[in-house]
Amino acid sequence: MGQIHAPKGANTKKTIVGRGASSKGRTCGRGHDGQNSRSGGGVRLGFEGGQMPLYRRVARRGFSNSVFTQEYAVVSLDVISANFEDGDVVTLDALKDAGLVKGYNVQAKILCNGELTKKVVIDGLKVSASAIEKIKAAGGEIR
């Protein structure tokens, strides 16, 4: 079997412009005159040539609670049934260790999808009303 390699022309060296005539020659692809042809030239992000920039033209008013929203990962009953044994305590840390909940600042909520066949103890998690009925019917409890 032959080796895997990039097709011809896929990997090219970065051209460093503005370092004398040997680097792409003469104007080095920057055009003739102007702010962008100079070393260190160019304008800051959002600058529109003196026109009032968009980020200042558009009103940005009021307060938003979106920064403080709490994200909930959804965990189904059949997933709990598949990953936990009888008598296990299901906590947020246990769900994270099992790889069912991922993320740093994420909470979990147990929803009533599927069937629960094991007696598990739910500790410190949000649970939907229909899921509470199924957990108690299976002999489990919620703390």
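Here, every reference points to the structure presented above.
Throughout this description, residue numbers start from 1 for each chain and increase along the sequence as written. In view of the model being predicted, local features appear only for residues whose pLDDT reaches at least 70, and side-chain atom pairs are presented and counted only at 80 or more, with totals across whole chains, interfaces and linings using the full set of residues. As a convention, hydrogens and water are excluded, and side-chain values are obtained from all of the structure's heavy atoms.

Draft legend 1. Representation of the overall build of the protein chain in the model. Here a helix means four or more residues in a row that DSSP labels H or I, a strand means two or more in a row labelled E, and each is numbered from the N terminus. Summing up its helical and strand segments, the protein chain has 4 helices and 6 strands in all. Order of helices (α) and strands (β) in the protein chain, N terminus to C terminus: α-β-α-β-α-β-β-β-α-β. When we talk radius of gyration, it's over C-alpha atoms, and the globule rule is simply 2.2 Å times the number of residues to the 0.38. For 143 residues, the compact-globule estimate of 2.2 N^0.38 gives 15 Å, and the protein chain exceeds it by more than 25% at 30 Å. C-alpha extents for the protein chain along the principal axes are approximately 80 × 65 × 20 Å. Within the span of the protein chain, comprising 143 residues, buried residues form 21% of the whole. Considering the protein chain, the positive charge centre built from 22 side chains and the negative charge centre built from 13 side chains are found 23 Å apart. Burial classes: relative accessible area under 20% of the type maximum marks a residue as buried, over 50% as exposed, and values in between as partly exposed (1.4 Å probe, protein chains only). Counted charges follow a simple rule, with Lys and Arg positive, Asp and Glu negative, and His plus the chain ends left uncounted. In this description, the location of a charge corresponds to atom NZ of lysine, CZ of arginine, CG of aspartate or CD of glutamate.

Draft legend 2. A look at the sheet that holds strand β6 (residues 141–142). Strand pairing requires that DSSP identify at least two bridges connecting the strands. Taken in spatial order, the 3 strands make up an open sheet running β2-β4-β6, and their pairing is parallel. Two strands close off the open sheet at either side, each with one partner strand: β2 (89–90) and β6. Direction of pairing for strand β4 (residues 121–122) relative to β6: parallel, over a ladder of 2 bridges. Across the sheet, residue I122 finds its bridge partner in β6, namely I142.

Draft legend 3. Spatial organisation of the pairing of strand β3 (residues 106–111). Only one face of β3 is buried: it carries V106, A108 and I110, and the other face, with Q107, K109 and L111, is open. Here 2 bridges tie β3 to strand β5 (residues 126–127), and the two strands are oriented parallel to one another. Paired with I110 across the bridge in β5 is V127.

Draft legend 4. Representation of the sheet that holds β3 within the structure. Strand order in the open sheet formed by 3 strands is β1-β3-β5, and the pairing between neighbours is parallel. Looking at strand neighbours, the two that pair on one side only are β1 (71–76) and β5, the edges of this open sheet. Where β1 meets β3, 6 bridges bridge the pair, whose relative direction is parallel. Bridge assignment links V75 to a residue of β3, and that residue is I110.

Draft legend 5. The environment of F84, seen in detail. Within the secondary structure, F84 sits in the loop between α2 (77–83) and β2. Take F84: its relative accessible area is 5%, and that puts it in the buried class. Separated by 54 residues in sequence, F84 and A138 place their C-alpha atoms 14 Å apart. Residue contacts follow a heavy-atom distance rule, with two residues in contact if any of their heavy atoms lie within 4.5 Å. When near neighbours in sequence (up to four residues on either side) are disregarded, F84 contacts V90, A94, L95, L100, K118 and V120.

Draft legend 6. Summary view of the packing of aromatic side chains. Stacked, edge-to-face and tilted labels apply to pairs of Phe, Tyr and Trp rings (six-membered ring for Trp) whose centres lie within 6.5 Å, assigned for plane angles under 30 degrees, over 60, and everything in between, in that order. A complete count under the given rule lists 1 aromatic pair for this structure. Ring centres of F63 and F68 lie 6.3 Å apart, and the angle between their planes is 25°; on these two criteria the pair is classed as stacked. Neither F63 nor F68 differs from the other in exposure class; each is exposed.

Draft legend 7. Local environment of the nonpolar core. Counting 20 residues, the largest nonpolar core has I80, V90, L95, V101, I110, I122 and L125 as its most contacted members. Here I80 is in contact with V75, V90, I110, L116 and V120, once residues within four sequence places are set aside. The criterion is simple. A nonpolar core is a set of buried Ala, Val, Leu, Ile, Met, Phe, Trp, Tyr and Cys residues joined through side-chain atoms within 4.5 Å.

Draft legend 8. Structural detail: a nonpolar patch on the surface. Any residue with relative accessible area above 30% and no salt bridge may belong to a patch, with like charges joined within 9 Å and the nonpolar Val, Leu, Ile, Met, Phe, Trp and Tyr side chains within 5 Å. Computed by Shrake-Rupley with a 1.4 Å probe, the accessible areas treat only the displayed protein chains as cover when residues are assessed. Within this document, salt bridges are pairs made up of a side-chain nitrogen of Lys or Arg and a carboxyl oxygen of Asp or Glu, the two lying within 4 Å of each other. Together, F63, V67 and F68 make up an exposed nonpolar region whose accessible area comes to about 420 Å². Counting through the fold element by element, F63 comes out in the loop between α1 (54–57) and β1. For F63, a relative accessible area of 68% corresponds to the exposed category.

All we've got here are geometric facts, nothing functional implied.
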